[in-house]
Each structure stands twice: as C-alpha cells, then as structure tokens.
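# Report on the structure
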2 protein chains.
Amino acid sequence: MKKVTTATASTYAGQRIKIHGHIHAVRSLGALAFIILRDRNGFLQVVVNSSAVVLRPELPVVVSGLLQAHKTKPGEWELHAEEITPLSQACAALPVEISKEKRMEGLGLPALLDYRPLTLRNRAVRAIFKIEAEICRAFREFLVQEEFTEIHTPKIVATGTEGGAQLFALDYFGRQAYLAQSPQFYKQMMVAVFERVYEIGPVYRAEEHNTPRHLNEYLSMDIEMGFIENEQTLINLQTKLLAHIFAQLQENCAFELALYGCKVPTLTQIPQIKLADAHLLLRNKLGWQPREAESEDLDPEAERLLCSYFAQEEGCDLVYVTDYPWAVRPFYAMPAKAGKASHSFDLLFRGLEITTGGQRIHEYDQLLWSLETRGMKAEHFADYLQCFRYGMPPHGGLAIGLERLTKQLLGLSNVRQASLFPRDGNRISP
Amino acid sequence: MKKVTTATASTYAGQRIKIHGHIHAVRSLGALAFIILRDRNGFLQVVVNSSAVVLRPELPVVVSGLLQAHKTKPGEWELHAEEITPLSQACAALPVEISKEKRMEGLGLPALLDYRPLTLRNRAVRAIFKIEAEICRAFREFLVQEEFTEIHTPKIVATGTEGGAQLFALDYFGRQAYLAQSPQFYKQMMVAVFERVYEIGPVYRAEEHNTPRHLNEYLSMDIEMGFIENEQTLINLQTKLLAHIFAQLQENCAFELALYGCKVPTLTQIPQIKLADAHLLLRNKLGWQPREAESEDLDPEAERLLCSYFAQEEGCDLVYVTDYPWAVRPFYAMPAKAGKASHSFDLLFRGLEITTGGQRIHEYDQLLWSLETRGMKAEHFADYLQCFRYGMPPHGGLAIGLERLTKQLLGLSNVRQASLFPRDGNRISP
C-alpha cells in the first residue's frame, strides 16, 4: 500500500493508499462520516464508517483505504477508509471552529491571536504563512542570482542605529545592551567584504504605537550593495526583485492567493514622485487634509490617496516617493549635492509604506559632519565609523517589511495577521 | 567597454574591460605597481602605472584597461590599467594587514574581533562566511524538497523553554520578557499547522561559559516534523540533509574549502552508539578520564575520543550518540517505554556536538506528568500545553548549530571565528 500525501494522492486513483493528517472537519450522515483530512500539502475528503472510531476535529490520524472518484465532484477524489487509527488520546473540545469560518475574521483579532496555535490551522490563516515562506524563498533566489551573499548580523547590540530612541534595553552580564532596530551598520560594513549582501531577520522597535501597521518585532528583508550610481540603482534592483517575487507567488501559491481573492501586481516599471511634488498633488488635487499642517512626511491618509491616484492614472499598485528632505532621514543618508533633499526613497504598496531605502554617505569626513550637524556624538559610533576611515565605495540599500508586504498583498486589515506570533504593546504570548 | 567582475573577466581576454573593487594588496616595482583587486566574486591582478594615483590597500576603485595573459602564470589573466579612479578620499593607514596574513591567525583572537570590519575582508576569513551562506542555502533547498515550510518565530518570549535558567531578561513595556533560547515550543506548535517546518534564526543563552565552543548569541538551524516513527526518522533525515549540504559545498565552495585544506565528509550512513555503550567504550578501551566521575553526559574529552575511534574504525567523521537518560534531557523529551532512556540523540562531528534532537512527548497527560515529575509548574507553560489538548501527532526535531558545524568543518580553533560579529561574555561590539 502506497503512503501518499494530499498532493500526490490523485496519481493513485483506484488504488489502496495510506495517508496521515489531522481531521480538519467532520460531518456525520447516518452510518457514514465525511472527513476533510488536512496534511502538509492540502486537503482530502475521506469517507468513514462512523462507528469505527470517535472522530473529532484536530485529531491526528492515519487512514488507509481505496481512493475513488468523488461521487458528486467530477475530477476530485475521495478516500474510502478501511482503517482509521487515531495517533493521540487527546479529547478536549475546540474553543474555536477552525474549519468553519472562512478566514476566521468573525472571531475578532484578540481571539485569533489568543488561540494562535489553533487558528493557524485554518485553511486561509495557514495560507498567509505559506505565502510568506514563498516570498522569502523568491527574495533569496533572486538575490543569489544577482550575486548577493547572505549574512547573519547580531541582534544584541551596544548602540542604536539612530541614536538611542525606541530601543528595547537588556542586561548583558551587567552591561546595558539593546535589541537591534535594524542591521543597518552591520550590513554597510559587509559591503566592503561581499559588496552585495542580504539578510532576513528580526528587528525590534520599542514604539508604543498601537496601530494596524506596527509590530514591535518584525521581519526585515534587508539589502545593501556597493558601487552604485545613486539611489536609482537600488530602485531598479527592487523593482526587478518584486517582479520576481510576485511571479513566483503566482506560480507556486495560486491556491493560497485565491483564498484572498488576491491579484498579484504585474510589474515592469513603478512610477516615481518626488516628495515635494507628492505634497503639491495631495493638497491641490487629491483633497488631502494633513494631520499636522507642517508635516514634511506623509501620513497614512496621504499614502492611501497617493496610491489610489497612481493605481488609477498609471495602473500600478506601487509608487516610489523620492527625494525626502535630508533632515527627516537618518544621519547616514546621503544628502543631495544641492538643496535640502537626500538620495532616499520609500516604496508605497496599495496605500502603505513597505520599503525604506537610499544611498548612504560613504566618506568618513561627511559622516562626521552629519553627526555634528545633528548634535550626535561620533564616539558613540566608533565601531561603525571605523571602516569608513580606510575607504568605502558609494553604496546603499533598502529594507522591506515582510509582514507589511504580505498584509498589503492579501488585503489583511491588520499587520498582526501576517505575523505567526505577533509582539505588540500588550502581547508577548503565545 | 564591457563592465565585468573577477568571475567573468577571463571570457573577455584580449579586450578592454571595466571592473570595480577594493585594492586588496599593492606592490610597487619601479614605475609599475601590481595590484590585487578584490570584488564580490574573487581577485584579479592589475598592472598600473604607479604615478597615476595614490594606491593604498582597501581603497575602492574603478579600473579600465586591456585584459591580457598573465606574464608568468599560464592560464591566468591580468588587467593592464589605462585608467584607475578612486571612489573614496579616505586615507588612513590600516591597523592590520588584511592581505598578508594567510588566515589572520597570527593576529590573535581579540584583534581579529576588534577589527572585525577589516579582518572580514581577508581572503580566508571572508571564505568562512561564504561557506555559511552556502550551508544555509543547501539546508533550505533540501528541506523545501522534502516539503518543509519555513517559519519565523518570535525571539521575545514570556517564558524559557527549559524552565527559566540562562535567559537574558528585558523590560517589555514594563513587563519582564526574555530572549528565546530556542524556537522549541513554537516549532512544535507549527507541526500541527504545516507538519514539517524549519527555521534558521538567532537563539540566546545567558551562559557565562568562556570556551572555544560557546557563543551567547548563535544561529540555530531548527527542524521539526510530525508523524514520525521515532527518533530514527529524524536521524535518517539529518544524515541525508548533511550529505546534501556537504555535496553542495564541494560543488560551490571548492576555492573556499581549499583555503582551509578542508576535506568534506562523504556520507552514506553515520554510525550510532548508545550513550551507555559509549561510556563503556570510553572507560574500558579509550582511556577516558571523566572530569566528573559520575557524569551521565560526555565531556569535551569524551567527545573527541569517541570521534577519533569512529573515524579510525568506521572511517566516518560523524557519530550519533543515542538513548540519553530521560532525566538529563528537557521535560518535553519522549521517554523510552521501558528503562530510564529517552528517544533522543546528539550528533558529534570531529570531536564536538553539533546537533541535539529527539522525539517529543505528544500526549497532554504525559506532558503534565513530566512537568510534575521534575517539579515544574504546568501553569508556566499554558500557551505551550494548549495545543496538546486537541491532538498532536507523534513528532520530533533537531537543532544544528551553524557556527559549530562550520568550525568543525574548517578546523577553526574557536567558534567565535565562525560568527560575523560574535557575542560573548566580554563582547557586544563591534
């Protein structure tokens, strides 16, 4: 008897097979029970003599029997069980109905997260993380082709990358240490080693925000590359990278995308707008009412308005906002030669910023000037400054928030839904 | 003029090319200077009119010129520079000689780590991390083929996996939280979601050890899978996984391995020995003098003796030690049906433990019994225990220490050498 999964079962039609999984759903009809069996690949209907064994949702079982054409759905198969063996004696009744709710949205966010080990087993909830795994795979695949090297930088650090605010502090053998808010300094140092590097890893922000867009621990997909022209080198790279990710998702996650009615963008080019022009457009044409009258950045409303505009006018769900004022970017951002702008950009996707990036300062003296201008102390950044004294090439990079990208792609209402076990102001468990 | 890298240059022999990189080494000979140029792929000799520009090691440059056959080394090429443009004004003299020392071993570990952004640029030091990137790639590639799904679990957690010792504590918005010592509980929860999962991520041990084998932050390559027979399912999987990793390294990192004179093991099977039998062998035949007379575990000396024995007797650099007493393993380890052993194992590689793994308890009642037996409180593990109440399949997993695997493979003397920016009792920077 062949041991199969739900992915390979159909090639054994008319044969006796053995398969394992969890009972996802069960429906009794007189002497028969109809089970939906869930395994790592998908789902299969199993017909059982219901007196055979106590059948409950989530029970792990091994089933053997004959695979036959589905009685009512042409092209589908069902397994007529001859033997079904439970693999656990557990018998508690489920506090949430994993199989019934289409996307578990009716449950509400607190319960969705409180019962996370259970709600993740829902078909649509699980799909979110299948998609994230595929995004990571496509990200790495593209970058390896482009001769990037994967790095792993420490998350316990001695200083913040932006001067000390919003850091989680910890006691490190009697010394004060922090959780890294970004691999920024390390990935820049690695440019002189490998020229092109990437990292997917956790980053930490001790922000008290409680919004649908913020997590206190999230996955940052970081890129840094040397010998660039300017920020346009990075913009071009990321456009190709996203096109590759979207194409791979379409190819390998069609089932999961369909659960969210998700249309993946087809990318060739992404429009760009300078921040100052975006402000004019927003105020003069799109009716933006900024939260703070003098704000130089874009608030969530502005991000949504801009994206709607470009979706309508240029048919693109993404837009780069460029030329941010140098003063609102970190000290390592490369200022423009003239004026107050910097060689930096954000990428907005369907109304939300998912990427921040830009060219960095690569001259030691200019970094000292930048720190001084901002009233920051060079001695706090001695480790970082070290490698600029011997020569760094023009370089830059970007960071994509994995959970935000996923949220926007699937149209989730809260970024917490795109984190397996999210961390926010109120939640450190499960 | 074609823009090339050191990897593609040779296909443009006799042509004019443009290439960028850092000056890795420079040697003047009268009016000529011979540069070794380093880029992301490798090295290339460049011949320059030395009056053209000030040439210093580590200066980033763009060079254009004619690629010709090397004067003295047949089959190699050198670039006769027509133009060389520095990309940085930096001019500090290097505190360490990056290109001279073969593996920077003469420098000593403290200097090697203090000047990490520079010493990583050394040919052999850089090679270590090229190899680690390839190990990660091969690990993921194999597991995706085996239908494992990548997961990302939180590193900020509410409880330790083994009861609270050796945890780094942090203040999380006024609450006590910890850095995860392992993704153990989360990866087990994910078995009921994806059946087979893996994660490469940082883990944290607040151990005050100062040994060549320990790091306080290291990369754990974690695997967990459901519906296993017993621990032998995991042992078989890992043997195939390591064979794949080693084969991929041989194929893609031959240059880097050669710098360490490293022979990669060819694996078909890995011998196994029960811990009790290992004790007998060590005491009766291998002259082991245990550090602690009554120790149930193996000390470093025992690990070395055992590996030497199996290398000599069975020609294998790896050996599984199985059947550890249940009492010395964590509470979630599956005890044997009879006797005091557990379904667990360690894998030793050239004298050092690189993997710990085993089958886990999957019945709720047995977990409660285990916690009680050890005097631990079930309420501290409520989140973890939750999913066992509804049915978990027989499952287990393992964790490989990336830096230890690399250390043993390359014969490095200290595991810190296999961490980009290591964290130990004295070091949180660079």
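Everything numeric in this text was worked out from a predicted model, so none of it was measured.

Criteria and cut-off values
Residues numbered from 1 in each chain as written. Chains lettered and ligands numbered in written order. Predicted model: local features only at pLDDT ≥ 70, side-chain atom pairs only at ≥ 80, totals over all residues. Heavy atoms only, no water. Pairing = 2+ DSSP bridges. Helix = DSSP H or I, 4+ residues; strand = E, 2+ residues; numbered from the N terminus. Contact = heavy atoms within 4.5 Å. Axes fitted to C-alpha atoms, helices over the stretch in contact; angles between N-to-C directions. Phe/Tyr/Trp six-rings, centres within 6.5 Å; stacked < 30°, edge-to-face > 60°. Buried < 20%, exposed > 50% of the residue type's maximum accessible area, 1.4 Å probe, protein only. Least-squares fit on C-alpha atoms with pLDDT ≥ 70 in both. Buried area = accessible area lost by both parts, 1.4 Å probe. Salt bridge = Lys/Arg side-chain N within 4 Å of Asp/Glu carboxyl O. Lys, Arg positive; Asp, Glu negative; His and termini not counted. Domains from an automatic or database assignment.

Once that is clear, we can look at the sheet that holds strand 15 (residues 344-349) of chain B. Residue and element names in this part refer to chain B. Here we have eight strands laid out as an open sheet, ordered 7-11-12-17-16-15-14-13, and mixed in their pairing. Of all the strands in the sheet, just strand 7 (149-150) and strand 13 (272-274) have a single pairing partner and so form its edges. In this sheet, strand 16 (residues 352-360) lies alongside strand 15 in antiparallel orientation, the contact comprising six bridges. Each residue of the ladder has a partner; that of Leu347, found in strand 16, is Thr355. The sheet contacts of helix 7 (residues 275-284) involve strand 13 and strand 14 (318-322), and relative to strand 13 the element is tilted by about 90°.

This brings us to the packing of aromatic side chains. What characterises a pair of aromatic rings is the spacing of the ring centres plus the angle enclosed by the ring planes. In this structure the tally under the stated criterion is 34 aromatic pairs over all chains. With a centroid separation of 5.9 Å and an interplanar angle of 80°, the aromatic rings of Phe185(A) and Phe381(A) are classed as edge-to-face. Residue Phe185(A) is located in helix 4 (residues 184-194), and its partner Phe381(A) is located in the loop between helix 9 (364-373) and helix 10 (382-386); the two are separated by 196 residues in the primary sequence. What makes Phe185(A) buried here is its relative accessible area of 7%. Considering the side-chain rings of Trp326(B) and Trp369(B), the 5.0 Å spacing of their centres and the 20° angle between planes classify their relative orientation as stacked. With Trp326(B) in the loop between strand 14 and strand 15 and Trp369(B) in helix 9 (residues 364-373), this residue pair connects regions lying 43 residues apart in the sequence. The exposure class of Trp326(B) is buried, given its relative accessible area of 10%.

This part covers the relation of the copies chain A and chain B. What relates the pair of chain copies is a rotation about an axis plus a shift along that axis. Superposing chain A onto chain B takes a rotation of 180° plus a shift of 0.0 Å along the axis, which leaves an RMSD of 0.0 Å. Here the two chains are linked by the operation of a two-fold rotation axis. When each C-alpha of chain A is compared by its distance to the rotation axis, Leu170(A) comes out closest, at 2.3 Å. Here 100% of the contact residues of chain A are again contact residues in chain B; the copies associate through an equivalent surface.

It is worth spelling out the sheet that holds strand 7 (residues 149-150) of chain A at this point. All names here are of chain A. Spatially, the eight strands line up as an open sheet ordered 7-11-12-17-16-15-14-13, and their pairing is mixed. Of all the strands in the sheet, just strand 7 and strand 13 (272-274) have a single pairing partner and so form its edges. In the sheet, strand 7 pairs with strand 11 (residues 196-204) via two bridges, with the strands oriented parallel. Paired with Thr149 across the bridge in strand 11 is Val197. Here helix 4 sits on the sheet in contact with strand 7, strand 11, strand 12 (217-226), strand 16 (352-360) and strand 17 (395-401), set at roughly 30° to strand 12.

Size of an interface, as often reported, equals the accessible area lost when the parts are brought together. In this assembly, 99 residues from chain A lie in contact with 99 residues from chain B. Both sides of the chain A and chain B interface together cover about 8200 Å² of buried area, and 61% of this is carbon and sulfur. Broken down residue by residue, the surface that chain A buries against chain B is led by Arg40(A), Tyr390(A) and Ile428(A), which jointly contribute 10%. At the surface where chain A touches chain B, the tally comes to six salt bridges. A salt bridge links Arg40(B) to Glu195(A); the nearest nitrogen and oxygen atoms lie 2.8 Å apart.

This part covers the side chain of Lys407(B). Residue and element names in this part refer to chain B. As for its placement among the helices and strands, Lys407 is situated in helix 11 (residues 402-410). For the buried Lys407, which has no salt bridge, the nearest side chain bearing the opposite charge is Glu303, at an N-O separation of 9.2 Å. With residues near it in sequence (within four places) discarded, Lys407 still touches Pro212, Leu352, Leu412, Ser413, Asn414, Val415 and Ala418.

Below, the discussion takes up the domain arrangement of chain A. Under the domain assignment, chain A is made up of domain 1 (2-86) and domain 2 (123-418). If you average the C-alpha positions of domain 1 of chain A and of domain 2 of chain A, the two centres end up 45 Å apart.

What follows deals with the pairing of strand 6 (residues 77-86) of chain B. Residue and element names in this part refer to chain B. As defined by bridge partners, strand 4 (residues 43-49) adjoins strand 6 across three bridges and the pair is classed as parallel. When the bridges of strand 6 are listed, Gln45 appears paired with Glu78. By the bridge criterion, nine bridges tie strand 5 (residues 60-69) to strand 6 in an arrangement that is antiparallel. Opposite Ser64, over in strand 6, you have Glu83 as the bridge partner.

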